[in-house]
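As a plain string of letters, each chain reads:
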Amino acid sequence: MNKKIKPLSPHLSIYKPQITSIMSISHRLSGIFQSFGNVMIFMFFILILAEEKFYNLAMFFFNSYLGIVFTFLYIFSLCYHICNGIRHLVWDLGYGFELKNVYISGYATIAIALILNTLVWVL
Amino acid sequence: MITVNKQQEIKSKKSSGLSHWWHQKLTAILLLPITVWFIGNFPSFMSLSYQEKFNWIYNKPNCYLLAFFFIVSSYHMKLGLTVVIEDYIHNENLKKILSIFISVIVVSIISITLLLCLGKNVGV
């Protein structure tokens, strides 16, 4: 089969950025980031179970600026992914497809994600 | 011209697409409460000392919840990354290498988690 005549899906780059498209790509980006994050956190847990000197090395990372930024982004991307994930699940049930509702749920998702993220760090 | 082989390939891809979708939704729903629990506990967990962290992981509800979180999230991650690779990577060889790489990581995480859980129960 000739690949060149296959229809291409619309590319993100030709659209004007809108909250809907930005949120869609953010869902993916946060998912990719969490994949790295989850593997790292998993290894961290294994290191804790393994030995204290390995753990100390890992804590050296988590206490560094890079580690703090990583931890913060990891939690924030989880909050966002959860909220937008619920939005996707509601769509899968067949609700909220009207353009107005898509925007309302979009802004609500961002707001709730931010609130959730703040709560996690404050409490 | 679509050969029988190609038809079968399309058929099998269709069914795996559907099950992929269902697995993704199911794991997403399973992950909702457990992830809220996880991120709720994570910052306070990070402020514990080494011994406290060790005990926290080994404590009864926590170890099972963590195991559940890592197993289900790894599978969810595999499903998600598979779609991302299919959408953005157009080199067939790279596609294969990446999906094998992801599978190895996911299988490792799941088996290590299961082994640790089983080992703990056998040991105790």
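To be clear, the structure that these remarks concern was listed above.
The rules behind these values
- Residues numbered from 1 in each chain as written.
- Chains lettered and ligands numbered in written order.
- Predicted model: local features only at pLDDT ≥ 70, side-chain atom pairs only at ≥ 80, totals over all residues.
- Contact = placed C-beta atoms within 7 Å.
- Helix = DSSP H or I, 4+ residues; strand = E, 2+ residues; numbered from the N terminus.
- Nonpolar A, V, L, I, M, F, W, Y, C, P; charged D, E, K, R; others polar.
- Axes fitted to C-alpha atoms, helices over the stretch in contact; angles between N-to-C directions.
- Parallel < 35°, antiparallel > 145°, perpendicular 65-115°, else oblique.
- Core = buried A, V, L, I, M, F, W, Y, C linked by C-beta atoms within 7 Å.
- Buried ≥ 20, exposed ≤ 12 C-beta atoms within 10 Å, placed from the backbone.
- Expected span 1.5 Å × (residues − 1).

**Observations regarding the interface of chain A and chain B**
In step 1: Listed per partner, the contact involves 23 residues of chain A and 25 residues of chain B.
In step 2: Counting residues per element, the ones that place at least two in the side of chain A that touches chain B are α1 (19-50), α2 (52-63), α3 (65-92) and α4 (99-122) of chain A.
In step 3: Among the elements that take part in the side of chain A that touches chain B, α1 of chain A stands out by supplying eleven residues, more than any other.
In step 4: Residues that form the side of chain A that touches chain B fall into these classes: 16 nonpolar, four polar and three charged.

**Section: the packing of α1 of chain A against helix α2 (residues 50-58) of chain B**
Packed helix pairs are characterised by how far apart their axes lie and by the angle those axes make with each other.
In step 1: The contact between α1 of chain A and α2 of chain B brings their axes to 9 Å, and the two run at 110 degrees. For the element pair α1 of chain A / α2 of chain B, the angle class is roughly perpendicular. Listed contacts from α2 of chain B to F45, I48 and L49 of chain A of α1 of chain A are K53, F54 and I57 of chain B.
In step 2: For the contact of α1 of chain A with α2 of chain B, the per-class residue count stands at five nonpolar, no polar and one charged.

**Some remarks on the nonpolar core**
In step 1: Grouped together as the largest cluster of nonpolar side chains are twelve residues: I41, F42, F45 and I48 of chain A together with F38, L66, F69, F70, M77, L81, V106 and I109 of chain B.
In step 2: Counting only elements with at least two residues in this core, the list comes to α1 of chain A together with α3 (60-88) and α4 (92-123) of chain B.
In step 3: When near neighbours in sequence (up to four residues on either side) are disregarded, V106 of chain B contacts S74, Y75, M77 and K78 of chain B.
In step 4: With ten residues, the next largest nonpolar core counts Y74, F76, Y80 and V120 of chain A among its residues.

**Some remarks on α3 of chain A**
In step 1: Over its 28 residues, α3 of chain A extends 40 Å from the first C-alpha to the last, a length consistent with the 40 Å expected when each residue adds 1.5 Å.
In step 2: In the segment just after α3 of chain A, G94 of chain A is the residue with positive phi, at about 100 degrees.

**Let's talk about the environment of S30 of chain A**
In step 1: Among the structural elements, S30 of chain A can be located in helix α1.
In step 2: On a C-alpha basis, the gap between S30 of chain A and S77 of chain A in space is 5.1 Å, while along the polypeptide they are 47 residues apart.

**Details of the environment of S26 of chain A**
Residues and elements named next belong to chain A.
In step 1: Inspection of the secondary structure puts S26 in helix α1.
In step 2: Residue classification places S26 among the partly exposed residues on the basis of 19 C-beta atoms within 10 Å.
In step 3: Separated by 54 residues in the primary sequence, S26 and Y80 have C-alpha atoms spaced 8.7 Å apart.

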